[in-house]
Each structure stands twice: as structure tokens, then as C-alpha cells.
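Inside the fold
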Amino acid sequence: MIRVAAVGDIHLGPDSRGLLRPAFDTLPDHADLLLLAGDLTRHGTPEEARVVADEVAGLQVPVVAVLGNHDHHAERPGDVTAVLRDAGVTVLEGEGTVVEVDGVRVGVAGTKGFGGGFAGRSGSEFGEPEMKAFVRHTRGLADGLRRALDELAEGGCAVRIALTHFSPVPDTLVGEPLEIYPFLGSYLLAEAMDDSGADLAVHGHAHLGTEHGITSGGVRVRNVAQPVIRRAFAVYGLPVDGSRASAAHPS
Amino acid sequence: MATGHDDTPMNGPADGPGGGPGGRPGSGAARPVAHTEYRIAHLEERLARGDLAELGMRIEARGDAVHITGTASTAADREAILRIAALELPGVSVRADIALADVTAPDRPEELS
């Protein structure tokens, strides 16, 4: 059993320094790794990123993160990423990483993701340049996620996890106003996960949403936005049999 | 406390939240409601753009009051949200149900089959 701790939308700033550290210090008792599902800061400044970095620096479990829309607000995602990496956090965007847990290769593929909506109710690459760019951005990030998951499978990972900020499914948005679903996620992310296969998908972004969901292809989805899980982090136990991770690509 | 029962459709905007300068005579009861909607939208913009960068509150008109629900990171954040709401919605009854984030470790994991 691989124990995966995850939380998103912690929105740390200078006035919330130290808020999560007492709970994070107990992580070795609960989990083998910690996933951070974006919106780690409020405005995406390096100063706020340093608060996040201090919160997770030196933890006894590996920490893997994606950025969220808040982490882009100051338009310095590279600086935010650098601060987090300096603290030992693996920050993913269209790439994967492998964590060894008791000899088991656990792969995490990550992207921020973006909006656009869900199958049958989504935006298209059509019309104004802004609209085309919007959907193209989501498609590009979903393609990066698919490639990263494929590479983890080729790398022999027994367990694969898709980590995003935006949601791949509408299930975990229940509780949010229906009208804003297109701003909360995209089916393109779920399609990438189902194409490549994954044992678990973790996202944040939807504060008023629901924890549990599933993709059309059967990938379990968990919304770990902190207001949803109502804890410093949630923990999911994943069996190590590789059945789901290798079940992709029906011929 | 607002009751939401005293503004029949023919009352007009005189004592409603949108009844200030610019209220159009004979425009009916839709204007106060519309004004409140716009003011809620402005409040949401202000919360998002300000120091809090708060986009996670659900803010809705209910009767002649405005309800704010959601989860704030700290008590200070919750107070700031209510302070900004009072500034943005003067004359409007604001009811808030803002929980504080729980920052404790979970009791148990969810084991996936």
C-alpha cells in the first residue's frame, strides 16, 4: 500500500506562516509522499513562495507540487518554482517524477491544467484569437500530462498518479455554481488520464466542490482543495498491483 | 436583520439597496435586485484583486440580504472579508457563514481498492 498525502489551495502568505507546519511534521506517520495541488500562494510572489517553502522544507517525505492560477497571478511562475525547488520540492509542469517507496516506483505526472469545460459543454478552438488561445492552452497542458504519464509507464512505475490544479471531471465540482464549471476544469485532462492510464488523479481549485469523483475511464479523482477536505491534508492508500496503471490503451 | 418580506414588486427602489441616485422613476422593482447583483460582482472583484486574493467565497443575494459562505484560512482573513463586504455593500444586510480552515492532520486514510 502506497500512502499518498495531498492538499491544494493552501493560499499561504506572510500572515499564515507556520499554519500548516505542525500537521506537516506528522507526515511520516501518515504518508510516503506529499502532493501539493496548486494555489500554494495567494498572489504568486516569490515572498509568498518562501512561506510555502519554509512550510515544507526538511520534511521527511518527498514533496511534489504543481502550481495553480494564484501562483501565476504575479506572472512570476519561474521564480515561484525556483523558490520551491530550492526547498527540495519537485515542481511539475508537463513532466513526471518517480518516488521510490519500499522498492516500488511511484510515478507522479503533473500539470497546472486549465479550464474550458466538460464534454458536451466545453469551449472550442474557434473564433477570436483569445478564445482559441484559451482552449489551446488547456489542450497543450493536457498533452503534456499525457506524455508524462506515458513516460512513467515506460519507466516501469507500478503506481501512477496524475496531479493537477484544475479539475479533470465535473463530479468533484458539485457544490460550485454550475455556471462557472468551464472555469474550473476541462475534460481534456481526464481524456489524457484515461488515454494513458492512472491509479489516482488529484486536483484542487474548486473550494466549494466535492472530494470524490471518477473519470469515464475509471480513474479515481479526488479534489483535495483544503476547504473541501477540511484537514491539513488528505491521505489515500493505493494498492500496489499495477492493474489500473497498465489497463490503458484498449486496442 | 433583513426579512426579505417587505418589498413587493410595486414598491420600487426607494428604500432598497439600489435606491440611491440614479434610480430611474417607474423602472419597477427589478432595479434594486439588479443593483445588488452588480454590487456583489464588484465585491467579488475587490476580494479577488485585493491583498486576500480571495476567490473562494460564495456570495449570493437571498431576499433583500446578501449571504457569504465559504472557508477562510484564518480568523483575520474572515474579519477582512466581512470588513470589505461592509464597505462594498453599505445599506445591505450581510449574513455570513464563513468557516475557518482546519489545519490538523487527518484521523485516517481513505484506502482505495
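Since the model is a prediction, treat every value here as computed from it, not as a measurement.

Turning our attention to the overall build of chain A. Within chain A one finds seven helices and 13 strands. Within chain A, counting contacts between residues at least 6 apart in sequence, those at least 24 apart form 74% of the total. Entry remark: accessible area of chain A is about 9600 Å², with carbon and sulfur atoms responsible for 52%.

Residues and elements named next belong to chain A. For the pair helix α5 (residues 129–154) and helix α6 (residues 187–196), interaxial distance at closest approach is 9 Å and the crossing angle is 20°. Considered as vectors, α5 and α6 are oriented roughly parallel to each other. Between α5 and α6 lies a crossing whose hand is right-handed. In this structure, α5 uses Thr138, Arg139, Ala142, Leu145, Arg146, Leu149 and Asp150 to contact α6, whose residues at the interface are Leu188, Leu189, Glu191, Ala192, Met193, Asp195 and Ser196.

This part covers the sheet that holds strand β1 (residues 58–62) of chain B. Residues and elements named next belong to chain B. Here we have three strands laid out as an open sheet, ordered β1-β2-β3, and mixed in their pairing. At either end of the open sheet lies a strand with only one pairing partner, and these are β1 and β3 (93–100). Averaged over all pairs of adjacent strands, the angle between strand axes in this sheet comes to 15°, irrespective of strand direction. Pairing between β1 and strand β2 (residues 65–72): five bridges, direction antiparallel. Along β2, the bridge assignment pairs Arg62 with Ala65. Sitting on the sheet, helix α2 (residues 75–88) touches β2 and β3, and the angle it makes with β3 is about 165°.

Within the open sheet, the six strands sit side by side as β4(A)-β3(A)-β2(A)-β1(A)-β13(A)-β4(B). Their pairing is mixed. Looking at strand neighbours, the two that pair on one side only are β4 (90–91) of chain A together with β4 (110–111) of chain B, the edges of this open sheet. The pairing of strand β1 (residues 2–7) of chain A with strand β2 (residues 33–37) of chain A spans four bridges and is parallel. In the sheet register, Val7(A) faces β2(A), and the bridge partner there is Leu36(A).

Turning next to the side chain of His70(A). Tracing the sequence through the fold places His70(A) in the loop between β3 (63–66) and α4 (77–86). In this view, His70(A) contacts His11(A), Asp39(A), Thr41(A), Arg42(A), His43(A), Gly44(A), Ala53(B) and Leu55(B); residues no more than four positions away in its chain are not counted.

Taken as a whole, α4(A) has its buried residues at Val80(A), Thr81(A), Val83(A) and Leu84(A). For α4(A), the angular spread of buried residues about the axis comes to 160°, placing them on one side.

Attention shifts here to α6(A). Structurally, the α-helix is built with 3.6 residues per turn, so residues lying three or four positions apart point the same way. Residues and elements named next belong to chain A. Among the residues making up α6, those that are buried are Leu188, Leu189, Ala190, Ala192, Met193 and Ser196. Considering only its buried residues, α6 is in contact with β6 (104–111), α5, β9 (159–164) and β10 (200–203). By the N-cap criterion, in which a side-chain oxygen at the helix start approaches the backbone nitrogen of a residue two or three places on, α6 is capped by Ser186, the distance to Leu188 being 3.0 Å. Once α6 ends, the next one or two residues include Gly197, with phi positive near 95°.

As a further point, take the interface of chain A and chain B. Many authors give the size of an interface as the accessible area that is lost as the parts come together. Chain A puts 32 residues into the contact, and the matching count from chain B is 25 residues. Both sides of the chain A and chain B interface together cover about 2400 Å² of buried area, and 52% of this is carbon and sulfur. Sorting the residues of chain A by area buried against chain B places Leu19(A), Arg42(A) and Arg231(A) first, and these three jointly supply 22% of that buried surface. The interface formed by chain A and chain B includes four salt bridges. Measuring nitrogen to oxygen at the nearest pair gives 3.7 Å for the salt bridge that ties Arg231(A) to Asp107(B). Applying the counting rule to chain A against chain B returns 14 residue pairs in polar contact (both at pLDDT 80 or more). Elements with a contribution of two residues or more to the side of chain A that touches chain B: β12 (220–223), α7 (226–229) and β13 (234–238) of chain A. For the side of chain A that touches chain B, the element with the most residues is β13(A), which contributes four residues. Class assignment for the residues of the side of chain A that touches chain B results in 15 nonpolar, nine polar and eight charged. Where β13(A) meets β4(B), two bridges bridge the pair, whose relative direction is parallel. Bridge pairing links Tyr236(A) to Glu110(B) in β4(B).

So, on to the packing of aromatic side chains. All names here are of chain A. What the rule picks out here adds up to three aromatic pairs over all chains. Aromatic pair Phe114 and Phe134: ring centres 4.8 Å apart, planes at 50°, arrangement tilted. On the criterion of sequence distance, the pair formed by Phe114 in the loop between β6 and β7 (117–118) and Phe134 in helix α5 is long-range, its members being 20 residues apart. Of the residues examined, Phe114 reaches a relative accessible area of 22% and is grouped as partly exposed. With a relative accessible area of 22%, Phe134 lands in the partly exposed category. Where Phe114 meets Phe166, the ring centres are 5.6 Å apart and the plane angle is 65°; that geometry is what we call edge-to-face. You can see Phe114 sitting in the loop between β6 and β7 and its partner Phe166 sitting in the loop between β9 and α6, a full 52 residues away along the chain. A relative accessible area of 3% places Phe166 in the buried class.

Reading guide: rules and limits
- Residues numbered from 1 in each chain as written.
- Chains lettered and ligands numbered in written order.
- Predicted model: local features only at pLDDT ≥ 70, side-chain atom pairs only at ≥ 80, totals over all residues.
- Heavy atoms only, no water.
- Helix = DSSP H or I, 4+ residues; strand = E, 2+ residues; numbered from the N terminus.
- Contact = heavy atoms within 4.5 Å.
- Areas by Shrake-Rupley, 256 points an atom, 1.4 Å probe, with all protein chains shown as cover.
- Axes fitted to C-alpha atoms, helices over the stretch in contact; angles between N-to-C directions.
- Parallel < 35°, antiparallel > 145°, perpendicular 65-115°, else oblique.
- Left-handed = near helix turned anticlockwise from the far one by under 90°.
- Pairing = 2+ DSSP bridges.
- Buried < 20%, exposed > 50% of the residue type's maximum accessible area, 1.4 Å probe, protein only.
- Arc of directions from axis to C-beta.
- Polar contact = N/O pair within 3.5 Å; in protein donor to acceptor, adjacent residues only side chain to side chain.
- Buried area = accessible area lost by both parts, 1.4 Å probe.
- Salt bridge = Lys/Arg side-chain N within 4 Å of Asp/Glu carboxyl O.
- Nonpolar A, V, L, I, M, F, W, Y, C, P; charged D, E, K, R; others polar.
- Phe/Tyr/Trp six-rings, centres within 6.5 Å; stacked < 30°, edge-to-face > 60°.

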